[in-house]
Every structure is written in structure tokens, then in C-alpha cells.
There are 2 protein chains.
Amino acid sequence: MLQGKVLVAQGGGPTAVINQSLVGVILESRKFAGVKHVYGSLHGISGIVNEDFLDLTQETTANLELVAGTPCSGLGSTRDKPNTKYCREIFKVLKAHEIGTFFYIGGNDSSDALKILAEMAVSDNYELRCIHIPKTIDNDLPVNDHTPGFPSAARFVASAFTGINQDNMALKGIYVGVVMGRHAGFLTAAAAGAHSFDGDAPHLIYLPERSFEMNQFIGDVKRVYEKHGRCVVAVSEGIHDKKGTPIITKLSKIVEKDAHGNIQLSGTGALADLLTDVIKSKTGILRVRGDTFGYLQRSFLGCVSDVDQREAREVGEKAAQFANFSDRLSGTVTIHRVGNYQVEYCFSKIETVAGLTKVMADGFINKLGNGVTPKFMDYLRPLLGSDMPRVGRLNPANKVKKILNK
Amino acid sequence: MLQGKVLVAQGGGPTAVINQSLVGVILESRKFAGVKHVYGSLHGISGIVNEDFLDLTQETTANLELVAGTPCSGLGSTRDKPNTKYCREIFKVLKAHEIGTFFYIGGNDSSDALKILAEMAVSDNYELRCIHIPKTIDNDLPVNDHTPGFPSAARFVASAFTGINQDNMALKGIYVGVVMGRHAGFLTAAAAGAHSFDGDAPHLIYLPERSFEMNQFIGDVKRVYEKHGRCVVAVSEGIHDKKGTPIITKLSKIVEKDAHGNIQLSGTGALADLLTDVIKSKTGILRVRGDTFGYLQRSFLGCVSDVDQREAREVGEKAAQFANFSDRLSGTVTIHRVGNYQVEYCFSKIETVAGLTKVMADGFINKLGNGVTPKFMDYLRPLLGSDMPRVGRLNPANKVKKILNK
């Protein structure tokens, strides 16, 4: 049963809908009579160690609904990865505040931290419910059909490439858009959601699930440019060579790593600049432009999939319900696709997702490794939301007969 | 009177609402009984020279409405700047097709091209109506209170910085966002539209209207970081030193110029990378990130100011009406703010805008040259549209009392 004081925190990279999950947990937990207080830890597990808690039981529902619609982690986030000493500090604080349930909204790294906490709690004989609530724009958590945050980020990427397609038709040239995604290419692949008319962008998509060969890339770009007089490319920031070396490290002077040992890929335009420089020098084509979508794709205000909003809210609600009704002490809420298109939620073991990475299935990637399959499009479409704006074009058949025949 | 065959074209950089103006011209022109055909030139004036016309009289209203809602130039665009020979070619084609009115939707460079055409038409005794319809995300056309395209791009920038503010609060550090704008800082200044709570981003705004001093910049960033534990900066791509040398040229190996002699500023992440590198080395702060908003800010699907949509449509409609009812052969449609908030449209002389650049008034920029004034906020607010999403935050006053007093 969910009772006493419960604690909720947010970890890892923010998403457009992570506050929906937060508010789902808060409002649902507050419904259980045994729950006296819902605390929120500021900046993830680092807030526990520092005793930085907000009493969310004193928030109005109207304000919580406003927060739910606000992108990024309302409680703040952290990249901290706890070791044994860190976990002892956490337990000390949880015990002092008599907290029996800890909801942690996060991705792979956050679920891994929660797994360590849950294991230590068992070996310490400390009765702590550890409930993981999934979120990640990378969409790389196993077991889940997809993860909250991905659909809205995918909608951003698809909307961006839809606009870029129009821009590139108006002023022709080559365009390279670099999309977030270290190991999993789902978000980059979502660029394919921009496709409407024949010949629409993106014409080429490069994913971290395949090795990136510069010569093949240049050949692909040339071929598309000769056919369409233009070329729009979606590239994952995590593309790497056959040996697994990220393409971006071939350029960067300083390689920055986070607490999890991950190389910094975002927050720099280096990869797009590297690729556009190579295209210019190898093809002689002049108008070559590159953009790095950066932090906009996970935080942009007002670009949200309504499907994602609803599901992000539901995983929060379900977490509170599982915590109350399940016999199992710890677990993770997982999303499963049923029918077309519906979802069900399960309470799965944390070990099934913790620290693990799901990448795109082979059936989602085309044979040449430079695009996606219709199967992926079927997977993606319902996630983008119910009201993706449509684009139109002037009918190219209404050509006026030339008089001077120039 | 508007009669016979009329021609419409789009020039310069696309905007989110430039097709509203196009459709405004088409539908309004089609209402005049004397108008037999409305032609569209593909890729601006280059389409005239090549006789690449579409007969827009054969478009359905429903499809035109779909095109109106689609970002970027539906007819395609061009950066061509016509010289005397180019203009002669244009006249040859216009005469062959018996076109008496030419509507050109564009910014400074396009209006300048139209001015040259209009002058040559007069000296050639060729009766040609040349009607300029304003658009530019740079908002730098004189006479106009603002230009169609700017409000939607401003909304994009404000929405981006609203999300970035949330992201930067969740995972603290320094963030630099580079916004389009060569000579005029309006679009960068629109980042201030993200401001909601005290302490919200952007904390610093650097505009091309002021000289950019690296030492002052670093000092500003340090000061904000010490106060808030974080710092979000909006920087115009056109920032330059005291001598007027763009900061970006201090880094770039190859300086690319377009047909108008403009240095390429967009389509590369170089400036953001330069600034974040300097911040890292001069402050020792580790988490420093930079994004270049690039082409997304003028083409993103689904981020449109409803005020901008309506006005962009109206300048197209008014162009057709001025062409029909005015005694003057050529002119430009200009937007004038009246009351709070309403606009009126005038038919002004092309010379008042052609090739000229308006920059931000001194009263819009703060004394230190690193932010905007309340007067600018009053100017900006109604342009962003009627339904800018609000953000919420958890009440920081509901702190839980520490027990361990860590």
C-alpha cells in the first residue's frame, strides 16, 4: 500500500512531457488516504543527499496542471550516478524523513541508479519501494514499445524537417540536420515523418545502428543531388565508423565526458560543420548548409504530441497505482502497444530496463543503411499525435506554355 | 485597374507565412473581373527569365488555403540580384506574355530589385505595375512598424528560449543560442519574449546594433552565473567588433558570400562554438552549451503567430487592391501600428524601403547593450500572437524542513 511520505524525483535529460509524469504521480498519490505527504526532490538524487525537498502536497491542482504543460523537469534534474557511498547518504536522508516510496522518472542511467538503490535497500533490510517511471527522447529503453518524451521530440524533428524540406525546395542546395541520439537512431529516423509528397525530404538518414562510411555518404548525397537538384540529410549525432569511433571525435580538440563516461555530443555544431565541409570539398556544390537541432528538440515550448502528453501522464498515474496495489516492492512502468493504436501499461522488473539500451530493429532500417522502412513509418505515425499540420504545394502540372522557348 | 495577366513571385529567405501573402494576392486578384490569369514565377525573378510560370488561376481555393498554411515560399525563391542585362531579359519575357502587373513578395534585396525594374520600365516606356509586398524575419524594412514573417520567427525564438530556460534550470550551466539577424537585432531581441518569472532566461542579449566586446561579454556571463548559478545568452549571428568586423569571421577558414556580397552567417555552428570555447577557457565553467537556431527559425512547421498569419494574408490582399485602385503605377504595401493593437496598410513609394535597412531604435536597447527595454517588450508582445503557451513552476516556498541539516 502507498502510505506515509512518498518522494518523487526527475533524472537525466529533460523532455517536453516529463512534467506530465510528475503531475500524474503527485495527483494520483494524493488520492490515496494513507499518503500524508508527497515530497519532490530538487535535481534528482542529488537533492535527496542535500535534503532539498519541496512539499508537493501544498501545490494547487491548477498550478500542477500548468507545470504539467511546461517542458523540462520542473523539479530540476541531475546526471549524478550513485556509488555505494552516495547510496548510503541517500538512505540516511530517506530514513530521517521516513520515506518509504521513491518514484524516479528517468531513462537508462536513472533506472540503473534506481536498481542499485533497490538492491542496497534489500541488503540493508530497509523497506523501500523504488518505482521507475520511463522517459527519454532517445526511445532506447528495452521492454517499452516507446518511451514518453520520444513522441514529442519526434514530432519536433518531423516538423523541423517538414519546414526544412520547404525551405530547401525554395532555395535549392544541400542541407544536413544533426539530431540527438547516441546509440539509438529513433529520433533521427523520425525525420522521415516529414515525408508527404514524392521527392520530399529527408532524402537520406544516417543512424548510429550502422557504421558511417564517408565515401558512401558523399556518393549518396551526389546521387540525390543529381536526381532532385537538392538534398536534405538527417544525421544522428552518434554516427561512428566501423571501429565504433564517433565521427565527431575525429574533429573535436577537446572531448568532454559526463559522469557516466559519455562523450559530449550535443551543445556543439561541430558534426554538422564537419559534414558540410566534407560535402563542399568533395562535390564542389556551393550551397551546403548544416544545422544542429541541439536542445530545442527536447525542450521547445508548444511542440507536443497529444498522444505523448496522455501517455506521460498515465505512466505517472500508473506508477502510483502499481506502488499501492502491487505485492512487488520495486519495478518499472512499461508501455506496450496493442491493437492500432492503443497502449497498455505493465509493472515490470527494474532489471529488464536498468542501464540497458534498445536500438532500432533491423526491420526499421533500409538495406543501404541510409533510410527507414515502411514498417518504421507504421510504428512512428500514431506517436506523432493526432493533429500534425499538413502541407500543400502548388500544382506543378499547371505550367504556362513558354512563348520565347528559352 | 488590375486586368489582363498578372504575375506574382517570391524572393529572398522564406518565412513561415510568406505563402499567406501569396495566396492573398492570388485570391484577391482573381476577384477582379478584368484579370484573366494570375501567373506565378518559379524561383523569383530567375523564373521570369526562364519563362517558368505556373497558372495559378487553375488552383482550387482549398489547395491554395493548404499552401497558405505551409511554411516557406511555395513558388520557390532566389537570391538573384538583377543588373541591366538581367532586367532586359525580364522585360522581354513580360512583354511576350503580356504581363502588366508584377507582385514581388520579398525583403530589402527583393524590393531593391523591384525598384530597378520599375525605373527601367519607366525609361523604357513599358507600362508595368511593380508592387512590392513586404516579408522578412529580420524585421528590417523601413517605414513598416514590422514585417510579415518576423512575428512568427519571433514566436519561434521566444518559444525556443522558454524551453531552453526550463532546460537550463533543470541542468544548470551556461547556454548560448545564436539567432539569425545580420544588421538588425529584432529577432535576437525576441528571445526576451521567453521571460515569465523573475530570473528567467535570456539573461543576456547581444545585438548587431552594438559593438561586441569579448571582455565585456565574459564579465557579463560571469556576473549572471554567480548570481543565478546559470546563464542563458541570446546572440545575434551578426555581432561584430568596433570596426564592424563580424565576430564569426575571426574564426572561419572560408568566408562564403552570396550574390549580394553578404557573408554567410547561417548554416554553420561556428559562432556558437567560438563563444562557448571562449567561455570555457576564460571562466573554467565546465557545462557550457551552444546551439545555432539556423533554418528552423524561419521554416518550422506549426509555430506561427496568428497575428502574423492574418497580416501576411492582408498585405497580399491589399497589394491587389492598391494595384487596382491606386493611380500610382508602382509601390510597396507598408504596415503601420495604430491604437493598441491594430494595424493599417498604406501604399508607399518603393524608394522608401528598397535596399534600405532599419535597425532597432536606441530606446529598445538597454544602456549596457546586453538586453532590451520594457519599451521593446511592449512592441513585441502583441506580435507573438494571441495564444502563446504559459509556463508554470513548482512553488519554491514549499520547502521541507531539513532534519539532518546537511
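The structure displayed is predicted, hence computed values, not measured ones.

Draft legend 1. Main features of the overall build of chain A. In terms of helices and strands, chain A carries 12 helices and 11 strands. Summarising its shape, the C-alpha atoms of chain A cover approximately 85 × 45 × 35 Å along the three principal directions. Here the contacts in chain A between residues at least 6 apart in sequence split such that 76% fall between residues at least 24 apart.

Draft legend 2. Seen up close, the confidence of the model for chain A. Mean pLDDT over chain A works out to 94, with 96% of the residues at or above the 70 mark. Scoring of the predicted complex yields 0.95 for pTM and 0.94 for ipTM.

Draft legend 3. Quick peek at the environment of Leu114(B). Residue and element names in this part refer to chain B. Secondary-structure assignment places leucine 114 in helix 5 (residues 108-123). Each C-alpha atom of the pair leucine 114 and cysteine 87 lies 9.8 Å from the other, and the pair is 27 residues apart in sequence. Discounting residues that sit within four places of it in the chain, leucine 114 has contacts with Tyr104, Cys130, His132, Ile350 and Ala354.

Draft legend 4. View of the sheet that holds strand 7 (residues 204-206) of chain A. Residues and elements named next belong to chain A. Read across the sheet, 4 strands follow the order 7-8-6-9 without closing on themselves; strand pairing throughout is parallel. A strand with exactly one partner marks an edge of an open sheet, and here the two such strands are strand 7 and strand 9 (288-292). Across the sheet, the axes of successive neighbouring strands diverge by a mean angle of 15 degrees, strand direction being ignored. Sheet topology note: the strand 6 (residues 174-179)/strand 9 ladder contains 5 bridges and is parallel. Of the residues in strand 9, the one forming a bridge with glycine 177 is aspartate 291. Relative to strand 6, helix 6 (residues 150-170) is tilted by about 170 degrees, and along the sheet it contacts strand 6 and strand 8 (231-236). Most of the contacts of helix 9 (residues 270-283) go to strand 9, to which it runs at about 165 degrees, and overall it touches strand 6, strand 8 and strand 9.

Draft legend 5. Focus on helix 4 (residues 84-96) of chain B. Residues and elements named next belong to chain B. When the terminal C-alpha atoms of helix 4 are compared, their 19 Å separation across 13 residues agrees well with the 18 Å that a helix rising 1.5 Å per residue should span. Of all the positions in helix 4, only Ile90, Val93 and Leu94 are classed as buried. Down the axis of helix 4, the buried set is contained in an arc of 100 degrees. They therefore lie on one face. Pointing more than 90 degrees away from the buried face of helix 4 are the exposed residues Thr84 and Lys85. Buried residues along helix 4 sit in contact with helix 2 (44-49), strand 4 (99-106) and helix 5. Of the residues flanking the end of helix 4, it is glutamate 98, one or two places downstream, whose phi is positive at about 55 degrees.

Draft legend 6. The arrangement of the nonpolar core in detail. By size, the foremost hydrophobic cluster in this structure holds 252 residues, and its most contacted members are Val157(A), Ala189(A), Ala191(A), Val157(B), Ala189(B) and Ala191(B). In this structure, Val157(B) is in contact with Val179(B), Leu187(B), Ala190(B), Ala191(B), Phe293(B) and Gln297(B), ignoring residues within four places of it in sequence.

Draft legend 7. Fine view of the interface of chain A and chain B. Each partner contributes to the interface: chain A provides 70 residues, whereas chain B provides 69 residues. Of all elements in the fold, only strand 2 (35-41), strand 3 (53-55), helix 3 (61-68), helix 4 (84-96), helix 6, helix 9, strand 9 and helix 10 (296-299) of chain A reach the threshold of two or more residues within the side of chain A that touches chain B. It is helix 6 of chain A that contributes the most residues to the side of chain A that touches chain B, 9 residues altogether. Considered class by class, the residues forming the side of chain A that touches chain B number 30 nonpolar, 27 polar and 13 charged.

Draft legend 8. Representation of the relation of the copies chain A and chain B in the model. In the superposition of chain A on chain B (RMSD 0.0 Å, axial shift 0.0 Å), the rotation amounts to 180 degrees. Considering both components of the superposition, the chain copies are consistent with a two-fold axis. Ranked by how close their C-alpha atoms come to the rotation axis, the residues of chain A are headed by Gly269(A), at 2.1 Å. Both copies present the same face, since 99% of the interface residues in chain A are matched by interface residues at the equivalent positions in chain B.

Draft legend 9. Highlighting the pairing of strand 5 (residues 129-134) of chain A. All names here are of chain A. Within strand 5, 6 of the 6 residues are buried, leaving the element largely enclosed by the surrounding structure. Of the two faces of strand 5, the one holding Arg129, Ile131 and Ile133 and the one holding Cys130, His132 and Pro134 are both buried throughout. In terms of strand pairing, strand 4 (residues 99-106) meets strand 5 through 6 bridges, oriented parallel. When the sheet's bridge partners are listed, phenylalanine 103 is paired in strand 5 with isoleucine 131. Handedness of the crossover joining strand 4 and strand 5 through helix 5 (residues 108-123) is recorded here as right-handed. Sheet analysis places strand 5 next to strand 10 (residues 331-338), joined by 2 bridges and oriented parallel. Considered in strand 10, the bridge of isoleucine 131 is made with glycine 331.

Draft legend 10. Main features of the pairing of strand 2 (residues 35-41) of chain B. All names here are of chain B. Most of strand 2 sits inside the fold, with 5 of its 7 residues counted as buried. Looking at chain direction, strand 1 (residues 4-10) and strand 2 are connected through 5 bridges and run parallel. The partner of leucine 7 across the bridge, within strand 2, is tyrosine 39. On the question of chirality, the crossover connecting strand 1 to the parallel strand 2 by way of helix 1 (residues 18-31) is right-handed.

Draft legend 11. The environment of Gly185(A), seen in detail. Residue and element names in this part refer to chain A. Assignment of secondary structure puts glycine 185 in the loop between strand 6 and helix 7 (186-189). Residues glycine 185 and isoleucine 239, spaced 54 residues apart in sequence, show a C-alpha to C-alpha distance of 9.0 Å. For glycine 185, the residues in contact, after removing those within four places along its chain, are Leu207, Pro208, Glu209, Ser236 and Met360.

Draft legend 12. Highlighting the sheet that holds strand 10 (residues 331-338) of chain B. All names here are of chain B. Sheet architecture is open: 7 strands sit in the order 3-2-1-4-5-10-11, paired in mixed fashion. Bordering the open sheet on either side are strand 3 (53-55) and strand 11 (342-348), each of which pairs with just one other strand. Taking each pair of neighbouring strands and ignoring which way they run, the sheet shows an average axis angle of 25 degrees. As paired strands, strand 10 and strand 11 are joined by 7 bridges and run antiparallel to one another. Bridge assignment links arginine 337 to a residue of strand 11, and that residue is valine 343. Running over the sheet, helix 1 touches strand 1, strand 2, strand 4 and strand 5 (129-134) and is turned about 175 degrees from strand 1.

Draft legend 13. Region of the structure containing the packing of helix 1 of chain B against helix 3 (residues 61-68) of chain B. Residue and element names in this part refer to chain B. At a closest axis distance of 8 Å, the pairing of helix 1 and helix 3 adopts a crossing angle of 155 degrees. Taken together, the axes of helix 1 and helix 3 lie roughly antiparallel to each other. Between helix 1 and helix 3, the contacting residues are Asn19, Gln20, Val23, Ile26 and Leu27 on the first element and Thr61, Leu64, Glu65, Val67 and Ala68 on the second.

Draft legend 14. Main features of the domain arrangement of chain A. Residue and element names in this part refer to chain A. Domain assignment breaks chain A into domain 1 (4-148 + 304-352) and domain 2 (150-302 + 361-384). Between domain 1 and domain 2, the contact holds 23 residues from the first and 22 residues from the second. Residues belonging to the side of domain 1 that touches domain 2 are distributed by class as follows: 9 nonpolar, 7 polar and 7 charged.

Draft legend 15. How the structure looks around the packing of helix 1 of chain B against helix 11 (residues 306-325) of chain B. Residues and elements named next belong to chain B. Viewed as axis vectors pointing N to C, helix 1 and helix 11 meet at an angle of 35 degrees, and their least axial separation amounts to 7 Å. Helix-helix and strand crossings are classified by hand; for helix 1 and helix 11 the assignment is right-handed. Note on element contacts: helix 11 touches helix 1 through Gln309, Ala312, Arg313, Glu314, Val315, Gly316, Glu317, Ala319, Ala320 and Gln321, opposite Ile18, Gln20, Ser21, Leu22, Val23, Gly24, Val25, Glu28 and Ser29. Classifying every residue of the contact of helix 1 with helix 11 gives 8 nonpolar, 7 polar and 4 charged.

Draft legend 16. Spatial organisation of unusual backbone geometry. Residue and element names in this part refer to chain A. That bond from alanine 201 to proline 202 is cis: its omega, -5 degrees, falls within 30 degrees of zero. Its place among the elements puts proline 202 in the loop between helix 7 and strand 7. Residue tyrosine 341 follows asparagine 340 across a cis peptide bond; omega there is 0 degrees. Along the chain, the position of tyrosine 341 falls in the loop between strand 10 and strand 11 (342-348). Within the chain, glutamate 51 stands out as a residue other than glycine whose phi angle is a positive 55 degrees. Given 20 C-beta atoms within 10 Å, glutamate 51 falls into the buried group. Backbone geometry places glutamate 98, a non-glycine residue, at a positive phi of 55 degrees. Within the element layout of this structure, glutamate 98 appears in the loop between helix 4 and strand 4.

Rules of the game
- Residues numbered from 1 in each chain as written.
- Chains lettered and ligands numbered in written order.
- Predicted model: local features only at pLDDT ≥ 70, side-chain atom pairs only at ≥ 80, totals over all residues.
- Helix = DSSP H or I, 4+ residues; strand = E, 2+ residues; numbered from the N terminus.
- Contact = placed C-beta atoms within 7 Å.
- pLDDT = per-residue confidence, 0-100.
- Pairing = 2+ DSSP bridges.
- Axes fitted to C-alpha atoms, helices over the stretch in contact; angles between N-to-C directions.
- Expected span 1.5 Å × (residues − 1).
- Buried ≥ 20, exposed ≤ 12 C-beta atoms within 10 Å, placed from the backbone.
- Arc of directions from axis to C-beta.
- Core = buried A, V, L, I, M, F, W, Y, C linked by C-beta atoms within 7 Å.
- Nonpolar A, V, L, I, M, F, W, Y, C, P; charged D, E, K, R; others polar.
- Least-squares fit on C-alpha atoms with pLDDT ≥ 70 in both.
- Right-handed = clockwise from strand over helix to strand, strands pointing away.
- Parallel < 35°, antiparallel > 145°, perpendicular 65-115°, else oblique.
- Domains from an automatic or database assignment.
- Left-handed = near helix turned anticlockwise from the far one by under 90°.

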